[in-house]
Amino acid sequence: MAPKTMFEKIWDAHVVKAEQGKPAVLYVDLHLVHEVTSPQAFDGLRMAGRDVRRTDLTVAVADHNTPTWDLSLPITDPIAQQQLDALSKNCEEFGVTLYDRFSPLQGIVHVIGPEQGYTQPGKTIVCGDSHTSTHGAFGAFAIGIGTSEVEHVLATQTLRQFKPKTMEVRVDGKLSPGVTAKDVVLGIIGKIGIGGATGHVIEYTGEAIRSLSMEGRMTVCNMSIEAGARAGMVAPDATTFEYMRGRENVPQGSDFNKAVAAWENLTTDEGAQYDQVVILDAEELEPHVTWGTNPGMVAPITANVPTPEDYDDSGDKESVSRALDYMDLEPGMRIEDIEVDRVFIGSCTNSRIDDMRAAAKIAEGNKVSESVYAMVVPGSNAIKRQAEEEGLDQIFKDAGFDWREAGCSMCLGMNPDILKPGERCASTSNRNFEGRQGKGGRTHLVSPEMAAAAAIEGHFVDVRVWRG
Amino acid sequence: MEAFSSLNSGVAPLNRVNVDTDQIIPKQFLKRVERTGFGQFLFNDWRFDEQGNERPDFILNQSGYRDASILVSGRNFGCGSSREHAPWALQDFGIKVIIAPSFADIFHNNCFQNGVLPVVLPEDVVQEIIKNSEDDPDYRITVDLEAQRVWDENEEIVAEFNVESFRRHCLLNGLDDIGLTLEDEDDIASYERGRSEHGGILSS
């Protein structure tokens, strides 16, 4: 048999029907649903008189619109409330499990999928959300889809897909202290560009990837879409299995051991070919900060903001010039001299327990700068409870950070957590598009460590040499 | 879904690369639970100033371009969020064809689900169309899906594009994917019988 990549093994195991010239009908093992991209899909089912085919493979979460303030306080935005009500009503009518705002297990959909053990190696996972790529950290094929496709999956438990190409992104060597998973993925996007992996599934390999925790691997896979990739994946290994063992919804006892034996076979075969290969050296990576209005506009902390003249392509020149204007940055200024008004630690990219611990380590014994408002938003209620048991909430509060309820929060400004026009934010989220965190807001993407240090100093610093 | 076969229209040039879906339809307008009515919010932050007045320099606010049904733009159009509200907003505004050197995958898929045709043409041809339409608001082109060709009136530009045959067939006939897949019910049921409780690569 010809050697196969991990992606090809999973793809082949899920093809229900394949015909020449047509997209394959691919079986979906797990369908995650949230309130923003599902109401029109449920409406479509209702109008056609169709049911949800596999309610047992469908899980819904309210996360995008939910305020992160005290749960006893009401939602003040009537349209957000309407959308959340629509999700509750649809889940009840169609028999879909829902984690609503008040569920003790509520959280960001891409945080609770893995946390509750729904996310498993070898699965096909879809969600009406581009950051579904997160789940690939477990060796799953996980992709974001549109609302019409959400309806298609609800009705048929399958998706029509043209087979993507494959790309290996290998990160050799060891990361230096202070250089994180976030810096790895920002470094990759900086190298290949925001359209660099369009049409491809990335498999991340190499020593630096293998040494990451599951939380770190999720951070890397999460931002695969920011390089245009269809999905990102990491082969499952002992780190994966240790994270999964004993979680709800995972095979238990001897079944788990049998599953592990099967999952170990997912690894890309020796001699299998990827359509493209990209190689990075971990030792050359520094903490990264985005300076522009897409995640590819990124530089190491020791660098300067570029000038439009640094670029050859006329489209790049124009977009860099527009970006610097929007971001109100001087071409050529030092990244370290950029001052921030707000700090956001959270989102499906960086809100897991490892992220909380890393930020708390920086915050401990320090004070948030008087010119900064900083917030920490755990990715789920379970993470919030764990962080509180470890005393991390107290460290953040003592340092002057606001400690919030779980949710998507200021990653996308669909809830009350938004930037005001002109405000500048160090954010651990995934997108720095114009207006993403609030109309006129300016976003710089960084790791949790870099965000926490920026909160204390009021401007970016190099966490490798900074001593709070 | 509305069928699409061919279109002759004016062209609105949006000469920017990496136009993301957060710009096409900003997040504050994603809370509606319907598919319709998003056109008024298309490119909101680029079209309107802080007071909600139209910015006269934005192309879709200019009289020669606001009724164009063809939008032409730079590479990697539609990157970012998976929101299908983006093609809904474009379609509701009256855009039926988008021409660019490349598209982001999810947006590209979402267009086909809604009868909007994304046309990939070489960078130099796209630049030529942008230039011609910037120079002349009355510049028109024809996009023919059946023939997979684009041409302008005096045939200075004639270019071919490629759409996968299945997608072309669905768009030409306005076919709904779900109906087609449900015809494969036997295959789906048979797949499910061989599937374990936990799915993935585990077999029962």
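Residues numbered from 1 in each chain as written. Chains lettered and ligands numbered in written order. Predicted model: local features only at pLDDT ≥ 70, side-chain atom pairs only at ≥ 80, totals over all residues. Heavy atoms only, no water.

Caption draft 1: Geometry of the overall build of chain B. Looking only at helices and strands, one finds 8 helices and 7 strands in chain B. Each of the three principal axes of chain B carries a C-alpha extent, and together these read 65 × 45 × 25 Å. Of the contacts made within chain B by residues no fewer than 6 positions apart, 64% connect residues no fewer than 24 positions apart. (Helix = DSSP H or I, 4+ residues; strand = E, 2+ residues; numbered from the N terminus. Contact = heavy atoms within 4.5 Å.)

Caption draft 2: Structural context of the interface of chain A and chain B. At the junction of the two partners, chain A supplies 79 residues and chain B supplies 61 residues. Taking both partners together, chain A and chain B bury about 5500 Å²; carbon and sulfur atoms supply 53% of that area. In terms of surface lost to chain B, no three residues of chain A exceed Q40(A), R160(A) and K439(A), which account for 12% of the buried area on that side. Here chain A is connected to chain B by 13 salt bridges. The partner of R53(A) in a salt bridge is E185(B), with the nearest N and O atoms 2.7 Å apart. Viewed at the interface, chain B and chain A are joined by 31 residue pairs in polar contact (both at pLDDT 80 or more). Class assignment for the residues of the side of chain A that touches chain B results in 26 nonpolar, 31 polar and 22 charged. (Buried area = accessible area lost by both parts, 1.4 Å probe. Salt bridge = Lys/Arg side-chain N within 4 Å of Asp/Glu carboxyl O. Polar contact = N/O pair within 3.5 Å; in protein donor to acceptor, adjacent residues only side chain to side chain. Nonpolar A, V, L, I, M, F, W, Y, C, P; charged D, E, K, R; others polar.)

Caption draft 3: Focus on the packing of helix α12 (residues 353-363) of chain A against helix α13 (residues 381-389) of chain A. All names here are of chain A. Direction vectors running N to C along α12 and α13 enclose 40 degrees, while the axes themselves pass 10 Å from each other. Here α13 runs oblique to α12, going by the angle between their axes. Where α12 crosses over α13, the two elements pack in a sense that is right-handed. On the side of α12, the interface is formed by I353, M356 and R357, while α13 contributes I383, Q386 and A387. Its residues placed into classes, the contact of α12 with α13 shows 4 nonpolar, 1 polar and 1 charged. (Axes fitted to C-alpha atoms, helices over the stretch in contact; angles between N-to-C directions. Parallel < 35°, antiparallel > 145°, perpendicular 65-115°, else oblique. Left-handed = near helix turned anticlockwise from the far one by under 90°.)

Caption draft 4: Summary view of empty space enclosed by the protein. All told, the structure shown has 7 cavities of 30 Å³ or more when counted by the stated rule. Quantified by volume, the largest cavity comes out at close to 200 Å³. Taken together, 21 residues make up the lining of the largest cavity; nearest its centre are H64(A), D129(A), H131(A), L412(A) and R436(A). Class assignment for the residues of the lining of the largest cavity results in 7 nonpolar, 10 polar and 4 charged. A volume near 170 Å³ is recorded for the second largest cavity. Together, 16 residues line the second largest cavity, and T293(A), S319(A), E434(A), V17(B) and N18(B) are the ones closest to its centre. Residue classes in the lining of the second largest cavity are distributed as 6 nonpolar, 5 polar and 5 charged. (1 Å grid on protein atoms, 1.4 Å probe; cavity = no way out; pocket = protein on both sides within 12 Å on 5 of 7 lines; lining within 4 Å. Points joined across faces, edges and corners; volume = space filled by probe spheres on them.)

Caption draft 5: Region of the structure containing the nonpolar core. Counting residues in hydrophobic clusters, the biggest one holds 85 residues, and the most contacted among them are F401(A), F43(B), F77(B) and L90(B). Per-element tally for this core: the top contributor is helix α15 (residues 448-457) of chain A, with 7 residues. Judged by nonpolar contacts, the second largest core, of 46 residues, contains A208(A), M223(A), V250(A) and W263(A). (Core = buried A, V, L, I, M, F, W, Y, C linked by side-chain atoms within 4.5 Å. Buried < 20%, exposed > 50% of the residue type's maximum accessible area, 1.4 Å probe, protein only.)

Caption draft 6: Inspection of unusual backbone geometry at higher detail. Positive phi values are uncommon outside glycine, yet N249(A) reaches one of about 75 degrees. Here N249(A) is to be found in the loop between α9 (238-244) and α10 (253-264). Phi is positive for N18(B), which is not a glycine, with a value near 55 degrees. Inspection of the secondary structure assignment puts N18(B) in the loop between β1 (6-14) and α1 (21-24). For N18(B), a relative accessible area of 16% gives the class buried.

Caption draft 7: Quick look at the sheet that holds strand β2 (residues 70-73) of chain B. Residues and elements named next belong to chain B. Strands sit in the order β4-β3-β2-β1-β5-β6-β7 across an open sheet of 7 strands; the sheet is mixed. Of all the strands in the sheet, the pair left with one neighbour each is β4 (117-120) and β7 (158-160). Recorded for the sheet is a direction-independent mean angle of 25 degrees between the axes of neighbouring strands. Across 4 bridges, strand β3 (residues 97-100) lies against β4 in parallel orientation. Considered in β4, the bridge of A100 is made with V120. (Pairing = 2+ DSSP bridges.)

Caption draft 8: Local environment of helix α8 (residues 185-193) of chain B. Residue and element names in this part refer to chain B. When we look at burial in α8, the residues that qualify are I188, A189, Y191 and E192. For α8, the angular spread of buried residues about the axis comes to 160 degrees, placing them on one side. Turned more than 90 degrees off the buried face of α8, the exposed positions are D186 and R193. (Arc of directions from axis to C-beta.)

Caption draft 9: Spatial organisation of the environment of G296(A). All names here are of chain A. Within the secondary structure, G296 sits in the loop between β13 (288-290) and β14 (298-300). Taking relative accessible area as the criterion, G296 reaches 22% and is therefore assigned partly exposed. Placed 293 residues apart in sequence, G296 and P3 show a C-alpha to C-alpha distance of 33 Å. Ignoring sequence-local partners within four residues, the contact set of G296 consists of I189, G190 and I194.

Caption draft 10: Looking closely at the environment of M214(A). All names here are of chain A. Residue position: M214 is located in helix α8 (residues 214-222). Considered as a pair, M214 and V234 are 20 residues apart in the sequence and their alpha carbons are 9.7 Å apart. In this structure M214 touches A137, F138, T239, T240 and Y243, once residues within four positions along its chain are discounted.

Caption draft 11: Structural context of the side chain of S148(A). By secondary structure assignment, the location of S148(A) is in helix α5 (residues 147-156). A relative accessible area of 9% places S148(A) in the buried class. Excluding residues that lie within four positions of it along the chain, S148(A) makes contacts with R35(B), E84(B), Q113(B) and N114(B).

Caption draft 12: Representation of α5(A) within the structure. Residues and elements named next belong to chain A. Here α5 lies mainly inside the structure; 10 of its 10 residues are buried. Every buried residue of α5 is accounted for by T147, S148, E149, V150, E151, H152, V153, L154, A155 and T156. Once α5 ends, the next one or two residues include Q157, with phi positive near 60 degrees.

Caption draft 13: Seen up close, a negative patch on the surface. Taken together, E123(B), D124(B), E128(B) and E156(B) make up a surface patch of like negative charges. The topology assignment puts D124(B) in helix α5 (residues 123-135). (Patch = residues over 30% accessible without salt bridge, like charges linked within 9 Å, V, L, I, M, F, W, Y side chains within 5 Å. Areas by Shrake-Rupley, 256 points an atom, 1.4 Å probe, with all protein chains shown as cover. Lys, Arg positive; Asp, Glu negative; His and termini not counted. Charge placed at Lys NZ, Arg CZ, Asp CG, Glu CD.)

Caption draft 14: Structural context of the pattern of salt bridges. Applying the stated criterion to the full structure yields 47 salt bridges over all chains. Close ionic contact of D22(B) with R83(B) constitutes a salt bridge, the shortest N to O distance being 3.4 Å. You can see D22(B) sitting in helix α1 and its partner R83(B) sitting in the loop between β2 and α3 (85-93), a full 61 residues away along the chain. Accessibility expressed as a relative area gives 3% for R83(B), which makes it buried. Linking D135(B) and K131(B) is a salt bridge whose minimum nitrogen-to-oxygen distance equals 2.8 Å. You can see D135(B) and its partner K131(B) sitting in helix α5, 4 residues apart, about one turn around the helix. Exposure remark for D135(B): the relative accessible area of 53% places this residue in the exposed category. It is possible to trace a salt-bridge network through shared partners that takes in K17(A), E19(A), K22(A), R160(A) and D184(B).

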